[in-house]
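# Survey of secondary and tertiary structure
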Amino acid sequence: MNDQRFLGELELMILLAIIRLDNATYGVPLAREISAVRGRDVSLGSVYAALDRLEIKGLVKSIVGESTPERGGRAKRYFSVTATGVRALHETRQVLTGLWKSLPPIKGGLA
Amino acid sequence: MRPTRSVRLALWLLDRMESVEKRGDLSGDLLEELEGGRPANWFWHQVAVAILIHLFKKAKHCAALVAFAMAWSALFPIWRAICVGGLTYSLDRFGAVAWPWSSILPLCYGVCPAVLFVWLGFVMHAVLSRQTNTLAVYEQCFALSTGAAIILASSLTVLRQLSHPQMVIADVTRTDFFLIDHFYFISVPIAFSLCVTLWLGGANRPNIGHRHSGKSSRCRMSIVKTAQMLAVAFVLCSNASTQSTATATGLTHGTDEELIQALRTKLAEETAAGKFSGVVFIAKDGVPLFKQAYGFADRERKPPNTAQTCFRLGSINKVFTAVATLQLAEAGKIKLDDPLVKYLPDYPNQDLAQKVTIRELLNHTGGTGDIFGTAPNQLFSEEYRTHRLQLTTLDDYIHLYGDRSLRFVPGSRFEYSNYGYILLGKVIEKASGENYYDYMRKHVYRPIGMQSTGEFPVEEKVANLSIGYTSMDGSKASHPNTDLLPYRGLPAGMGYSTAEDLFAFAKAFQQNKLLDPKYTSLMMTGSSMMPRDGSYGYGLMVHLLNGNTCVGHAGGYPGMNADIELCNNSKYILVVLANVDPPVAQRIGFFIANWITQSKP
């Protein structure tokens, strides 16, 4: 799928977080992971919106899991990163590290 | 622990916002977190944000559709010009055919281009958003048929509205119709139907690999089908309701007595509302049937209008000019197929003079152009405004406009030409050896007793003259039209007459007192097709209405409107004169003609 727009900020974080959680996770732990690393709360609505976009782009796939009584009988949906997604991550990483590396010295320090 | 009612309601709402497969993901997570010990504040904050995100996503999707639909509908005039431009003159043949086949014209000119336009917009949008590959053929057809149904229903509603006695389908031909009413009558149905088409046809969530599960898509189809039927039913209902109010407020045909009753009510209403001010005169078999004046000839001194009040005629002078031309043809002094140069050898533009014949000047196929300004939505050209009072004789007009070249090959098209009739006036002068105004008085008006008819210069005092009131130049209140009038009445229009005189004229004309039968019937036979409806004889417009023929002419100008018609083989003569802006007299004329032409002989 050659819809090559750059990965959004939240999308990138979500992909990384999913992989950190053994590449199979659902909404609750995913959101908690991101907010833990970020230091602030993240809204589940925006996480799901980002997951939607990722699924359309083919970078993430989902399967329906078991339902539990705590969810009022609703099933969990488990997300995992696809091979395309991993490739997209690597590309983004290359681009970003390349840009970070060749940063000239700036007042206030950045590198 | 069972969650509270408000929590359950919120979760239900979040569920409803998602599509079937995704339902329960977000709400389940939120419930799990809440049960797991998150504070209630956190939960409600999350719910609020989720709803906002969802609304924003929907708005973005819809906004894009609406913006596209509106932008696309703004292009409709161009499309219509492309579609209709070439067709205009080849299909006009059907205008002379009896109703209901003549309704093929508005269908071809109006509905078909609009439907095609909606389809084209759908295809354009699909191409631009590259979603075609996610739409099944049946979904696309379904969406297109819904859009087409909506626009068909609304077009038919509009057409029915326009043939309502309160409105005339000829209103569609006015140049300012397309500015204001375009947005209501054309853009809105197109934009709306296109929007609905896109919404139904465009996938709400573009799918990449998996289609909707069979059950949910069938469900969706049935919901959409119901919506389609409801939309069409809604439009047709509004159409039906307007029809029923029409019949509730008044009949449109019946006996002569009922016509008079209906007219009295209608004219009283319109006068009270300030819409009409003038005279209405109807005669049957040469005997006056209805003669009533309304309003004031002068709003300051308040003399009421009467059947002897002089009104400006607008273009009705063309009928008189045509009669004069044919009188001279009868006397052998003019040959209709002679080129103009034979009578005006010194005409400035020799090319025009050599190519245009008298016949072509009579039925507006000469290509001689107009004097008032042919730019759309411009009442008067700068030329006319600056020279208005300097144009005192016909020669002055030729001096000013004589260099202009032909607008098209003579005989190939119909284009209403005021200047063409001014040239005819000059031809009359040359062929008869008399000044145009003297000729008209001596050979047309006086012989049949039209004592109060003429083309008096503005500075001459005329008894019983009415002042025309206009607001066509955009001013808020209507004011006298004195600084818009030409110096003097012309062969093309703007002379004076009264309702009594016009009745005398129509009677004499129909009784072959002005011309012999051959030339009378020549004038009344359509020889060129008018673009919108009807045909034009020589100085007379021929309309087919409810299976009967009406022959006559209308005249319009800021502050005045007139209509004279001979209907049902000249059994009925009707004259409507008004000293207010058009199209009030023509509307009333149409109401009466529509009524009369439905009477049994």
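Before reading further, recall that the structure is shown in the block above.
First things first, this report covers the structure right here in the doc. Source: prediction; values computed, not measured.

Each value, and the rule that gives it
Residues numbered from 1 in each chain as written. Chains lettered and ligands numbered in written order. Predicted model: local features only at pLDDT ≥ 70, side-chain atom pairs only at ≥ 80, totals over all residues. Heavy atoms only, no water. Phe/Tyr/Trp six-rings, centres within 6.5 Å; stacked < 30°, edge-to-face > 60°. Buried < 20%, exposed > 50% of the residue type's maximum accessible area, 1.4 Å probe, protein only. Lys NZ or Arg CZ within 6 Å of the ring centre and 35° of its normal. Helix = DSSP H or I, 4+ residues; strand = E, 2+ residues; numbered from the N terminus. Pairing = 2+ DSSP bridges. Axes fitted to C-alpha atoms, helices over the stretch in contact; angles between N-to-C directions. Parallel < 35°, antiparallel > 145°, perpendicular 65-115°, else oblique. Left-handed = near helix turned anticlockwise from the far one by under 90°. Contact = heavy atoms within 4.5 Å. Nonpolar A, V, L, I, M, F, W, Y, C, P; charged D, E, K, R; others polar.

### Observations concerning the packing of aromatic side chains
Residue and element names in this part refer to chain B. Counted according to the given criterion, the structure contains 14 aromatic pairs over all chains. Consider the rings of phenylalanine 43 and tryptophan 44, whose centres lie 5.2 Å apart with planes at 80°: the pair is edge-to-face. Take phenylalanine 43: its relative accessible area is 0%, and that puts it in the buried class. You can call tryptophan 44 partly exposed: its relative accessible area is 34%. Grouped by ring-pair contacts, the aromatic residues Phe320, Tyr445, Phe505 and Phe509 constitute a single cluster. Above the ring of tryptophan 42, the side-chain terminus of arginine 38 is found at 4.5 Å from the ring centroid. If you follow lysine 266 out to its NZ or CZ, it ends over the ring of phenylalanine 591, 4.6 Å from the centre.

### Some thoughts on the pairing of strand β11 (residues 560-567) of chain B
Residues and elements named next belong to chain B. Most of β11 sits inside the fold, with 8 of its 8 residues counted as buried. Side-chain alternation along β11 places Met560, Ala562, Ile564 and Leu566 on one buried face and Asn561, Asp563, Glu565 and Cys567 on a second face that is also buried. Across 8 bridges, the pairing between strand β10 (residues 548-557) and β11 is antiparallel. When the sheet's bridge partners are listed, valine 551 is paired in β11 with leucine 566. Taking the residues that link successive antiparallel strands as the turn, the β11-strand β12 (residues 572-578) hairpin has 4 residues, and the phi of asparagine 568 there is positive, at about 55°.

### Quick word on the packing of helix α1 (residues 9-20) of chain A against helix α2 (residues 27-38) of chain A
Residue and element names in this part refer to chain A. Here α1 crosses α2 at 110°, and the two axes come no closer than 10 Å. It follows from the interaxial angle that α1 and α2 lie roughly perpendicular. Along this stretch, α1 crosses α2, giving a crossing that reads as right-handed. Contacts between α1 and α2 pair Glu9, Met13, Ile14, Ala17, Ile18 and Arg20 from the former with Leu30, Glu33, Ile34, Val37 and Arg38 from the latter. Its residues assigned to classes, the contact of α1 with α2 comprises 7 nonpolar, no polar and 4 charged.

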